[in-house]
Structures are given as C-alpha cells and as structure tokens.
Amino acid sequence: MPTEIIWGPPTLALVIGYLLGSIPFGVLLTRASGAGDLRQIGSGNIGATNVLRTGRKGLAAATLLLDLAKGWAAVVIVAALLPGNEQLAAAGAFVGHCYPVWLRFRGGKGVATLMGIVLALHPPLALVYAVVWLGLLATLRISSVAGMAAAASAPVAAAVFDRFDLVPLLLALALIVIWKHRENIGRLLDGAEPRVGSKGG
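The shown structure was predicted, so the numbers you read here are calculated from the model rather than taken from an experiment. (Residues numbered from 1 in each chain as written. Predicted model: local features only at pLDDT ≥ 70, side-chain atom pairs only at ≥ 80, totals over all residues. Heavy atoms only, no water.)

Draft legend 1. Seen up close, the overall build of the protein chain. The helix and strand tally for the protein chain stands at 11 helices and zero strands. Sequence-ordered secondary structure for the protein chain, helices as α and strands as β, is α-α-α-α-α-α-α-α-α-α-α. What you see for the protein chain is a C-alpha radius of gyration of 17 Å, in line with the 17 Å of a compact globule of 201 residues. In terms of overall dimensions, the protein chain has a C-alpha envelope of 55 × 40 × 25 Å along the principal axes. By the burial criterion, 43% of the 201 residues in the protein chain qualify as buried. (Helix = DSSP H or I, 4+ residues; strand = E, 2+ residues; numbered from the N terminus. Rg over C-alpha atoms; globule rule 2.2 N^0.38 Å. Buried < 20%, exposed > 50% of the residue type's maximum accessible area, 1.4 Å probe, protein only.)

Okay, here's the thing in structure tokens:
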C-alpha cells in the first residue's frame, strides 16, 4: 500500500489526537508534586477525581483542566492542519486518554477529555455538557453519575442542535465512558459508591 495512503490526513489526525490524548497529566502532576504514583492511590484512575483523593485540590483542578484542554487542542490543531478530519482527531484523543500506550493502556474514564472535544466540535454542546456534569455533581456529589450523565447528554444535545453529523461519534464515546464506569455502576447498584468529599470519596 502506498505510503501516502497509509500516512494520509485521516491517519495523521488519529495519531495527533492519540498522542495528545495519551498525555497522563494526573500521573505527571502528582508525581512532580511529590504526591506519589496516582495509579497506587484510591481507585488507581488517572483522572481528576482520583487526584482529589491525594488531598491536593489544586492538582485535581489542574488535572481536570489539562485533560479537558488536550481533547480541545487535538480537534483545534487538526482543524487547522488537516481540515475535515476533526472527528478522527477527537476519537484519537479520547482513545488516547482512556487507553494510553505509555500506561499499558490503563488510562482515565474520559469525562473531562470528552468535554474538551465537545467544546471544540460545537461549543453550544459544551454548555449543556457542563450544566449536566456540574449540576449533578453539585447536587448528588457522586462523580460517576455526573460524568456518565454528562457524556450521555452529548449525543442527545447534538441531535437537538441539529448536528446529526456528530451524533455517531459522541454516542460511541459516551458508551465508552459508561463502559469505563462499569465498576462504579456495580457500586451504585450496591449502594456503595462514595460521594465526593466524603471519607473515601
């Protein structure tokens, strides 16, 4: 197969997205701050919620923002360099976050990165996403419920905003978010899922 086909714009968009998405900011920040290996703390997840378990609220906020930013950046960079391949970049960034090769494919759950992707693809969707995510987090204080609901809202909001071109991608990514939360779902069914701010939560 000709090299120009193998390394054409779609493949490059996926690679750019994956490399950006796979940067494990939670692991890097906790290690740099002396908080230890995030993968050995709490749930072992590399996202902001687990960073919060270190007691470093600033690190957790920075992790959330950077995980969001890498999803946004992947789409924006590819839109500038390889227009028309933004959704491939988005998919690459999301998969990179959830399954980073550097961490033996054991990454985060994708909620913050998905918001960054949504923000870059169609900003009004990000408002819906944020309202659902932050609203449920503030009222229920259960991070998994808020994250899954926000992810599920993305394809629905895309349809409402008449962006049906985004629905298949956002639906697929939402399903991955829910799959990554399967252990949380089990704890929710058992009534054992911790709340943010509670002991062990």
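Here the narrative resumes.
Draft legend 2. Representation of the confidence of the model for the protein chain within the structure. Summing up the model confidence of the protein chain, the mean pLDDT is 90 and the portion of residues at 70 or higher is 93%. In the model of the protein chain, helix 1 (residues 3–6) stands out as the element of lowest mean pLDDT, 54, in contrast to helix 6 (residues 86–98), which has the highest, 98. (pLDDT = per-residue confidence, 0-100.)

Draft legend 3. Fine view of unusual backbone geometry. Of note in this structure, phenylalanine 105 is not a glycine but carries a positive phi near 65°. Take phenylalanine 105: it is sitting in the loop between helix 6 and helix 7 (111–121).

Draft legend 4. How the structure looks around helix 9 (residues 143–160). Over its 18 residues, helix 9 extends 25 Å from the first C-alpha to the last, a length consistent with the 26 Å expected when each residue adds 1.5 Å. The largest bend in helix 9 comes to about 30°, at alanine 154, with the proline proline 155 one to four residues further on. Within the sequence span of helix 9, burial applies to Ser143, Ser144, Ala146, Gly147, Met148, Ala150, Ala151, Ser153, Ala154, Pro155, Ala157 and Ala158. Buried-residue contacts for helix 9 involve helix 4 (48–52), helix 7, helix 8 (123–140), helix 10 (167–180) and helix 11 (182–190). Trailing helix 9 by a residue or two, aspartate 162 shows a phi angle of about 65°, which is positive. (Expected span 1.5 Å × (residues − 1). Bend = angle between axes of the 7 residues up to and from the residue. Contact = heavy atoms within 4.5 Å.)

Draft legend 5. Geometry of the pattern of salt bridges. Throughout the structure, instances matching the rule amount to three salt bridges. Aspartate 165 is paired through a salt bridge with arginine 163; the nearest N and O atoms lie 2.8 Å apart. Exposure remark for aspartate 165: the relative accessible area of 41% places this residue in the partly exposed category. Classification of arginine 163 by relative accessible area gives partly exposed; the value is 24%. Linking arginine 187 and glutamate 193 is a salt bridge whose minimum nitrogen-to-oxygen distance equals 2.8 Å. Accessibility expressed as a relative area gives 30% for arginine 187, which makes it partly exposed. A relative accessible area of 13% places glutamate 193 in the buried class. (Salt bridge = Lys/Arg side-chain N within 4 Å of Asp/Glu carboxyl O.)

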